[in-house]
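So you can see what is in the structure, the chains are spelled out below.
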Amino acid sequence: MAITDSLSVTDAVAGVKLGPIDVPVPVMLSPMAGVTNWPFRLLCEQYGPQGLYVAEMITARALVANNPKALRLCRFAPSEDPRSLQLYGVNPGIVEQAARMVVDNRMADHVDLNFGCPVPKVTRRGGGSALPWKLDVFAELVRRVVSVCEPAGIPVTAKIRVGIDHEHETFLDAGRIAQDEGCAAVTLHARTTAEYYGGHSDWQRIAELTQSLDIPVFGNGDIWSAQDAVNMMRQTGCAGVAIGRGCQGRPWLFADIRNAFAGSPERVNPTLGEVGAVIARHARLLTEFYDGDEQMAVHDLRKHVAWYLKGFPVGGSVRRSFMESESLEDIDRNVGQLDADVPFPEAIADKPRGRVRYAKKVHLPYGWLDSRELSVEGRESLFGDDPMDASY
Ligand SMILES: Cc1cc2nc3c(=O)[nH]c(=O)nc-3n(C[C@H](O)[C@H](O)[C@H](O)COP(=O)(O)O)c2cc1C
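Residues numbered from 1 in each chain as written. Predicted model: local features only at pLDDT ≥ 70, side-chain atom pairs only at ≥ 80, totals over all residues.

Considerations on the site of the ligand
Defined as follows: Nearness between a residue and a molecule or strand is assessed with a C-beta atom placed from the backbone; a distance within 6 Å qualifies. Residues are sorted three ways: Asp, Glu, Lys and Arg are charged, Ala, Val, Leu, Ile, Met, Phe, Trp, Tyr, Cys and Pro are nonpolar, and all the rest, Gly among them, are polar.
Around the ligand, the structure places 25 residues, and the nearest of them are Ser30, Met32, Met57, Gly244 and Arg245. The residue makeup of the shell around the ligand, split by class, is eight nonpolar, 12 polar and five charged.

Regarding the UniProt feature "binding site: FMN" (unreviewed entry) in the protein chain
Short version of the rule: UniProt positions are given in the numbering used here, feature names are shortened, and annotations may be inferred rather than shown by experiment. Runs of H or I in DSSP of at least four residues are treated as helices and runs of E of at least two as strands, each being numbered from the N terminus. Put simply, a residue is buried when 20 or more other C-beta atoms lie within 10 Å of its own C-beta and exposed when 12 or fewer do; between those, it is partly exposed, and each C-beta is set from the backbone. Distance between backbone-placed C-beta atoms decides contact: two residues are in contact if it is within 7 Å.
Here the UniProt feature "binding site: FMN" (unreviewed entry) sits at Pro31, Met32, Ala33, Gln86, Lys159, His189, Gly244 and Arg245. Relative to the helices and strands, Gln86 is located in strand E5 (residues 84-88). By C-beta crowding, Gln86 is classed as buried, having 25 other C-beta atoms within 10 Å. When neighbours within four sequence positions are excluded, Gln86 is seen to be in contact with Pro31, Val54, Ala55, Glu56, Met57, Ile58, Asp112 and Asn114. Assignment of secondary structure puts Lys159 in strand E7 (residues 156-165). Assessed through the 28 C-beta atoms surrounding it within 10 Å, Lys159 is described here as buried. Setting aside residues up to four positions removed in sequence, Lys159 forms contacts with Asp112, Leu113, Asn114, Phe115, Gly116 and Thr187.

Here we look at the UniProt feature "domain: DUS-like FMN-binding" (unreviewed entry) in the protein chain
Here, the residues flagged by UniProt with the feature "domain: DUS-like FMN-binding" (unreviewed entry) are residues 28-334. In this annotation, residues 28-334 is assigned 46% helix and 16% strand; the end-to-end C-alpha distance for the span is 32 Å.

With respect to the pairing of E7
Looking along a regular strand, one sees side chains alternate from face to face of the sheet. The line we're drawing: For two strands to be treated as a pair, DSSP must find no fewer than two bridges joining them.
E7 sits mainly inside the fold: nine of its 10 residues count as buried. The pairing of strand E6 (residues 110-115) with E7 spans five bridges and is parallel. Note on E7: the bridge partner recorded for Phe115 is Ile160. Where E7 meets strand E9 (residues 185-192), six bridges bridge the pair, whose relative direction is parallel. In the strand pairing of E9, Ile160 is matched with Leu188. The pairing of E7 with strand E8 (residues 168-169) spans two bridges and is classified as antiparallel. When the bridges of E8 are listed, Gly163 appears paired with Glu169. Taking the residues between adjacent antiparallel strands as the criterion, E7 and E8 are bridged by two residues.

Digging into the confidence of the model for the protein chain
Selection criterion: What pLDDT reports is the predictor's confidence in each residue, on a scale of 0 through 100.
Predicted confidence across the protein chain gives a mean pLDDT of 93, with 95% of residues reaching 70 or more. Across residues 1-10 the pLDDT falls below 50, and counting only partners more than four positions away or on other chains, this stretch makes 13 contacts in the model. Overall, residues 385-392 carries pLDDT values under 50, and its contacts beyond four positions in sequence, including any with other chains, amount to 17 contacts.

Examining the domain arrangement of the protein chain
You'll often see interface size given as the accessible area lost when the parts meet. So the rule is basically this: Segment limits for the domains were obtained from an automatic or database-derived domain assignment.
When cut into domains, the protein chain gives domain 1 (16-267) and domain 2 (272-349). The centre of domain 1, based on its C-alpha atoms, is set 28 Å off from the matching centre of domain 2. Tallied by class, the residues present in the side of domain 1 that touches domain 2 amount to four nonpolar, three polar and one charged.

Here we look at helix H10 (residues 253-261)
With seven of nine residues buried, H10 is to be regarded as a mostly interior element. Those residues of H10 lying buried are Leu253, Phe254, Asp256, Ile257, Arg258, Ala260 and Phe261. Looking one or two residues past H10, Gly263 carries a phi angle of roughly 85 degrees, positive in sign.

Considering the packing of helix H8 (residues 203-212) against helix H9 (residues 226-236)
Put simply, the test is: With axes taken as lines fitted to C-alpha atoms, and helix axes fitted only over the stretch in contact, angles between N-to-C directions fall between 0 and 180 degrees. Working rule for angles: under 35 degrees goes down as roughly parallel, over 145 as roughly antiparallel, 65 to 115 as roughly perpendicular, anything else as oblique. A clockwise turn of the near helix away from the far one marks a right-handed crossing, whereas an anticlockwise turn of less than a right angle marks a left-handed crossing.
The contact between H8 and H9 brings their axes to 9 Å, and the two run at 50 degrees. What the angle tells us is that H8 and H9 run oblique. Seen along the crossing, H8 lies across H9 with a hand that is right-handed. Across from Trp203, Ile206, Ala207 and Thr210 in H8, the residues of H9 making contact are Met232, Gln235 and Thr236. Taken together, the residues of the contact of H8 with H9 break down into four nonpolar, three polar and no charged.

Description of the pairing of E6
For clarity, the threshold we go by: Handedness rule for crossovers: strands pointing away from the viewer, path from the first strand over the helix to the second running clockwise, crossover right-handed.
Of all six residues that make up E6, six are buried, and the element is covered over most of its length. With burial as the criterion, each face of E6 is covered, one bearing His110, Asp112 and Asn114 and the other bearing Val111, Leu113 and Phe115. One ladder, built from four bridges, connects E5 with E6; its direction is parallel. Paired with Leu87 across the bridge in E6 is Leu113. Taken together, E5, helix H4 (residues 92-104) and E6 constitute a β-α-β crossover, and its handedness is right-handed.

What follows is the structure, encoded as structure tokens:
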């Protein structure tokens, strides 16, 4: 496999076009459940405008049922442009219905489809990263969503993994089908379901997919610094990068990448005082997200605080006190305890963060791997007799 070596750190990087949408800086905030709601997206976007900031996955069935939690996840900050949603589902009829809702209510400008989720409760129903194994269902689902979104000027993209494991790889077929069925781009997280978040994203696979498709490929996995983003572009020839765990507690990574892609060596590297100000702001945005419920906001903030403080010399009692916060006042008091002048711990910040483990076992529907098409019985057991009825 030829690896391109055309991009140096000082080369400016071209934008990407997704149907009618221009993405001037080809960087995507990769959807993360429980993380990429609008408060976090807003922080990322304000550091690095002109990228693509995708909401966390929304279960199609919950959306069509008008589930309030699902609807909350569909909210955007007024400044978000384009507004980008990710849908998840197994039953093409239900996902099409959710896409129809998005279109009719002008809920988003871009729809991403989740074919990458490795969690057992999703894959054991044939969803997420298990689904591309069934070529017919995968093609039907993409086709039906594109047929609803494309006429409304809403580009559809697909997020995939390498496969279920290395004996059951799906990414080349899935990429080709996504392209043939009208997707505007594909994002490849270059791990298998079995690899979960362990080991390394195999960027060579991103290069392979990039070479096999005409539509843009966003490379994903293990970008922890702006230099990693440049390296991925250089080593794989991908059109853009998608950032997941690397920006947890570091929304300014989008500024760093934007600078690197523009050929600038400037990096943000905030002091602890500046990070404290981001924590306080994030807490307020989350309070707005939860309709004024400070307690829900500061509970949601806990995981972010752990990420924000990673690598900083902050004592156990202050960290604990953040974890026990119940209000904005508590958060502000704890922020006040931080030593504002402590410099950014650069050496630690660019190391892996968040989930890093392998799957214990891949859970799939019974007999899933026996064939690349879903049998009539398989359809019935997954979708029920009624094609619009999904079992979840
Ligand atoms: C906490 C968490 C939640 C995630 N939720 C989603 C999701 O809702 N949809 C999705 O497509 N991927 C999801 N992912 C996968 C990420 O988008 C990304 O593909 C993966 O973390 C690899 O990229 P990274 O190495 O930059 O983290 C999630 C990952 C994490 C760590």
